[in-house]
Amino acid sequence: QVHLVESGGGLVQAGGSLRLSCKASGRTRSINAMGWYRQAPGKQRELVARISNGVSANYADAAKGRFTISRDFAENMVYLQMNSLKPEDTATYFCHASQLIGPVERVVPVDSWGEGIHVAVSS
């Protein structure tokens, strides 16, 4: 299993910046991608950004141009730099790790989640 711990959340004014960090531990060699999701009260959890082991990244439309995801493979870390924050960015942010376990012909996908960290953006 992979254990994920987020840090770096908090309260910030609109237009400000935060950097979220996620530390992965456990069976980290099986991780093929990591990302950040968020969930606001009463809404579905949604993808914010995702980055593969090949360092290709995907962003939600709401994050493009403002957020940057990066990985430190040696330290098993993933970061989300959030700039120009808006009140609608207020949510609980979850670190995610995708694993592909097993031989090529019998690969099993496994998802790991952090407990979440709150980000609040005031107007």
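That block above? That's the structure.
The following paragraphs examine the structure supplied in this document. Counting restarts for each chain, with residues numbered from 1 along the sequence as it is written. Note on the predicted model: pLDDT of at least 70 is required for a residue's local features to be given, and 80 or more for side-chain atom pairs to be given and counted; whole-chain, interface and lining totals, by contrast, use all residues. Heavy atoms throughout the structure, all of them, feed into the side-chain values; hydrogens and water do not.

**A closer look at the overall build of the protein**
Part 1 of the reasoning: What counts as a helix is a DSSP run of H or I of at least four residues, what counts as a strand is a run of E of at least two, and both are numbered from the N terminus. A tally of helices and strands in the protein yields zero helices and eleven strands.
Part 2 of the reasoning: For the protein, the α and β elements follow one another from N to C terminus as β-β-β-β-β-β-β-β-β-β-β.
Part 3 of the reasoning: Only the C-alpha atoms count toward the radius of gyration. The rule for a globule is 2.2 Å times the residue count to the power 0.38. Computed over the C-alpha atoms, the radius of gyration of the protein is 14 Å, within 12% of the 14 Å expected from 2.2 N^0.38 for a compact globule of 123 residues.
Part 4 of the reasoning: Each of the three principal axes of the protein carries a C-alpha extent, and together these read 50 × 30 × 25 Å.
Part 5 of the reasoning: Buried residues in the protein amount to 40% of all 123 residues.
Part 6 of the reasoning: Here the analysis covers contacts within the protein between residues at least 6 apart in sequence; of these, 55% occur between residues at least 24 apart.
Part 7 of the reasoning: Here the protein displays about 6900 Å² of accessible surface, and carbon together with sulfur accounts for 49% of that area.
Part 8 of the reasoning: Distance between charge centroids for the protein: 2 Å, based on 13 positive and 10 negative side chains. Under the scheme applied here, a residue whose accessible area is under 20% of the maximum for its type counts as buried, over 50% as exposed, and between as partly exposed, the area being computed with a 1.4 Å probe on protein chains only. Whether two residues touch is decided by their heavy atoms; if any such pair falls within 4.5 Å, the residues are in contact. Here the accessible surface of atoms and residues is derived via Shrake-Rupley with a 1.4 Å probe, and residues count as covered only by protein chains that are part of the display. Positive charges come from Lys and Arg, negative ones from Asp and Glu, while His and the chain ends are left out of the count. The atoms used to mark charge sites are NZ of Lys, CZ of Arg, CG of Asp and CD of Glu.

**Regarding the side chain of Gln-99**
Part 1 of the reasoning: Tracing the sequence through the fold places Gln-99 in strand β9 (residues 91-101).
Part 2 of the reasoning: Exposure remark for Gln-99: the relative accessible area of 1% places this residue in the buried category.
Part 3 of the reasoning: In this structure the side chain of Gln-99 is engaged in a polar contact, spanning 3.2 Å, whose partner is the side chain of Ser-112.
Part 4 of the reasoning: The contacts of Gln-99, once residues within four sequence positions are left out, are Val-2, Arg-27, Ser-30, Ile-31, Asn-32, Val-108, Pro-109, Val-110 and Ser-112. Identification of polar contacts relies on pairs of N or O atoms within 3.5 Å, with a donor-acceptor requirement for protein atoms, meaning one able to donate a hydrogen and the other able to accept it, and with residues adjacent in sequence counted only if both atoms are side-chain atoms.

**Description of the packing of aromatic side chains**
Part 1 of the reasoning: Aromatic pairs are defined between Phe, Tyr and Trp rings, using the six-membered ring for Trp, whenever the two ring centres lie within 6.5 Å; interplanar angles under 30 degrees are classed as stacked, those over 60 as edge-to-face, and all others as tilted. Evaluation of the coordinates by the stated rule reveals one aromatic pair.
Part 2 of the reasoning: Both a distance and an angle decide whether a charge sits over a ring: NZ of Lys or CZ of Arg must be within 6 Å of the ring centre and within 35 degrees of the ring normal. Between Arg-45 and the ring centre of Phe-94, over which it is positioned, the NZ or CZ distance is 3.7 Å.
Part 3 of the reasoning: The cationic tip of Arg-45 hangs over the ring face of Trp-113; the distance from NZ or CZ to the ring centre is 4.7 Å.

**Some points on the state of the cysteines**
Part 1 of the reasoning: We call a pair of cysteine sulfur atoms a disulfide when they lie within 2.5 Å. With the rule as written, the count across this model stands at one disulfide.
Part 2 of the reasoning: The disulfide partner of Cys-22 is Cys-95, and the S-S distance across this bridge is 2.0 Å. Across the S-S bond of Cys-22 and Cys-95 the torsion is about -90°, and the bridge reads as left-handed. Separated by 73 residues along the polypeptide, Cys-22 in strand β3 (residues 18-26) and Cys-95 in strand β9 bring together distant segments of the chain. The burial state of Cys-22 is the same as that of Cys-95; both residues are buried.

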